[in-house]
Amino acid sequence: MHAFGDIDLFDDATLSDPYPTYARLRELGPVVRLEAHGVWALPRHAGVAAALRDPATYSSERALALTDPVNDRFLAGTVVGTDGAAHARLRRVLSRQLAPRAVKSLALGMHERARALVEGLPGDGVFDAVADLAAPFVAGVVMRLMGLPEQDRVLLLELADATFDTFGPDNARTRAAFPHAEEMFRYLDRVATRDRISADSWLGAIHTAADRGDIDEAQAVPLMLSYTVAGMDTTIHAITSALYLSAHTGQWAAIRDRAVPGEAVLAEALRMEAPIQFFGRRTTREVRVGDTRIPAGDQVLLLYGSAGRDRGKWGPSADTFDVTRNSRDHLALGAGIHQCAGNHLAALEFDAVLTALATRFRNLAPNPDRVPTRRLHNILRGWHTVPLIGE
Ligand code: HEM
C-alpha cells in the first residue's frame with residue numbers, strides 16, 4: 001500500500017498549486033492512502049474513469065464531502081449524492097430542460113446577454129474576467145432559468161460558493177462556510193415557494209414534480225440546491241480559467257478566428273484546471289486497485305484535477321495548455337450516471353462569452369498593471385480576479 005501521510009491537500013500552498021502534489025500521488029501508484037484525511041485517493045486518469053463508471057462499487061451516497069455532517073445535511077437527497085433508482089428519479093425531473101434540444105433553444109437569448117455584457121465593458125478594454133464578465137453572466141443565466149429574483153444574484157453566488165467549500169475536511173474553511181450553506185437551504189425554502197416562483201422556471205418544474213408525486217415534497221429543496229449550486233462557480237471558473245490560459249499563452253487569435261471550435265477550448269481548459277478538483281465516493285465492497293485492497297465502506301477521492309494532468313494519459317505536454325489538443329476524454333465533467341447534468345448548458349454559456357469577446361476584441365492579453373489572484377477553496381479551483389485587456 002502507498003501511504004502519503006504528511007500532506008494536507010487543503011493548506012494554502014497546496015491549494016495555490018496542487019499539481020506538484022498530484023504528480024507525486026500519481027507516481028506513488030494507482031491508489032494512495034491520504035493518512036492526514038483518513039481517505040484513499042485515485043490520482044490517475046484511468047483509475048478515476050474506472051471508478052466513475054462503476055457506481056455499484058463506488059457509491060456517491062454519504063460519500064461526496066469529507067465530513068459526515070455535510071454528507072448528511074447538505075448532500076442527502078441531492079441528485080449528485082444519490083445512487084440507483086432514487087438517483088434516476090431525481091435526475092429525470094429536469095432532464096427535459098437540460099437536454100441538448102432545450103438548451104439549444106436558449107442560444108439566442110444567451111448570445112444576446114453575453115454580447116450586451118461585453119459591449120458594456122469599458123471603452124479602453126480593461127476589465128476583470130471574473131467580476132465584470134463571467135460572474136454576472138453565469139449568475140444572471142442561472143437566476144433566470146431557476147426563476148429566482150435577479151437582485152439576489154450576489155447573495156446566491158456567495159452562498160453557492162460556500163456550499164461547495166463545506167465539502168472539504170474539518171478545517172477553518174469548511175467551518176466558516178457551514179452557516180452559509182445552511183443559509184442556502186433557508187433561502188430556497190423562503191424564496192423558492194410555489195407562490196413566488198414561476199411555474200415554467202426550473203425550480204417551478206421541481207414543484208410540479210412534487211405535486212405530481214414524481215418526488216417527495218421533502219426532496220424539492222435539496223433538488224433545487226443541486227442545480228442552483230452546481231451551475232454557478234463551476235461555469236464561472238471554467239470560463240475564467242479558459243480566458244486566463246488563452247490570454248497568457250497567446251492562443252486568443254486561434255480562438256477568435258474559430259480555428260478551433262469553442263467546445264475544444266472548453267475541454268482543454270477543463271482538463272487543465274478542473275473547476276471541481278475532486279468528489280468522494282464510498283466503496284460498497286472490498287475492492288482491489290493495483291496491489292492495494294480498499295476495504296468496504298471506505299472513502300475514496302476521485303481527483304479530477306490530477307486526472308487532467310496525468311502524463312500516462314495526456315503525454316509529456318500534459319501541463320501545457322494547447323487548444324489544438326484533443327481533450328475530449330477529460331473527466332472534469334464526471335462520467336457515467338453522475339456525469340454533469342448541466343454540461344450542454346455550460347458549453348452554450350462558454351460559447352456565448354467566447355463569441356461576444358471575439359466579436360469585440362482582436363487581441364486579448366493579460367493586464368500588465370494587475371496580478372491575477374486565486375480564489376483558494378476546498379473543492380473548487382478558479383480565480384478571484386483575472387485582469388485582462390482587450391483591444
Ligand atoms: C463547466 C462547468 C461545470 C463543471 C466543470 C461541472 C462539473 C460537474 C461534475 C464533475 C459532476 C459529476 C459529479 C460526480 O461525479 O459526482 C457534475 C454533476 C452535476 N452537474 Fe455539473 N458542472 C458544470 C456545470 C453545471 C451546470 C451549468 C449545471 C446546471 C445548471 C450543473 C449541474 C450538475 C448536476 C445537477 C450534477 C449531478 C448529476 C448527477 O449526479 O446525476 N453543472 N458536474
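Before any of the text, the structure's been laid out above.
Predicted, not measured: the structure shown is a model, and the values here were computed from it.

Trainee: Even after reading the chapter, I still don't get the site of the ligand, so can you show me in this structure?
Mentor: Surrounding the ligand, one finds 27 residues, the nearest of these being His87, Arg91, Arg281, His338 and Cys340. The separation between an oxygen atom of the ligand and a polar side-chain atom of His338 is 2.6 Å. Breaking the shell around the ligand down by element, the ones donating at least two residues are helix 5 (84–92), helix 13 (220–230), helix 14 (233–248), strand 5 (279–283) and helix 19 (343–360). Ranked by residues supplied to the shell around the ligand, first place goes to helix 14 with three residues. Looking at side-chain class alone, the shell around the ligand contains 18 nonpolar, seven polar and two charged residues.

Trainee: What exactly am I supposed to notice about empty space enclosed by the protein here?
Mentor: A probe as big as a water molecule, rolled over the atoms, marks out the empty space that is left. Taken as a whole and judged by the stated rule, the model has two cavities of 30 Å³ or more. Its volume calculated, the largest cavity comes out at about 760 Å³. Lining the largest cavity we find 43 residues, and of these Ala230, Thr234, Ile276, Cys340 and Ala341 sit closest to its centre. Per-element accounting of the lining of the largest cavity gives the leading share, five residues, to helix 13. Its residues assigned to classes, the lining of the largest cavity comprises 28 nonpolar, twelve polar and three charged. Of the volumes computed, that of the second largest cavity is approximately 160 Å³. Lining of the second largest cavity is provided by 17 residues; of these, Leu15, Tyr22, Gln277, His377 and Asn378 occupy positions nearest its centre.

Trainee: Looking at this model, I keep getting lost on the sheet that holds strand 5. Mind explaining?
Mentor: Sheets are built from strands that pair by backbone hydrogen bonding, the pairs being arranged parallel or antiparallel. Spatial ordering of the open sheet is given by 1-2-8-5-3, a layout of five strands whose pairing is mixed. Every interior strand has two partners, whereas the edge strands, strand 1 (32–34) and strand 3 (58–59), have only one. Inspection of the sheet shows strand 1 paired to strand 2 (residues 39–42) by three bridges, in the antiparallel sense. Bridge assignment links Arg33 to a residue of strand 2, and that residue is Trp40.

What counts as what
Residues numbered from 1 in each chain as written. Predicted model: local features only at pLDDT ≥ 70, side-chain atom pairs only at ≥ 80, totals over all residues. Heavy atoms only, no water. Near = heavy atom within 4 Å. Polar contact = N/O pair within 3.5 Å; in protein donor to acceptor, adjacent residues only side chain to side chain. Helix = DSSP H or I, 4+ residues; strand = E, 2+ residues; numbered from the N terminus. Nonpolar A, V, L, I, M, F, W, Y, C, P; charged D, E, K, R; others polar. 1 Å grid on protein atoms, 1.4 Å probe; cavity = no way out; pocket = protein on both sides within 12 Å on 5 of 7 lines; lining within 4 Å. Points joined across faces, edges and corners; volume = space filled by probe spheres on them. Pairing = 2+ DSSP bridges.

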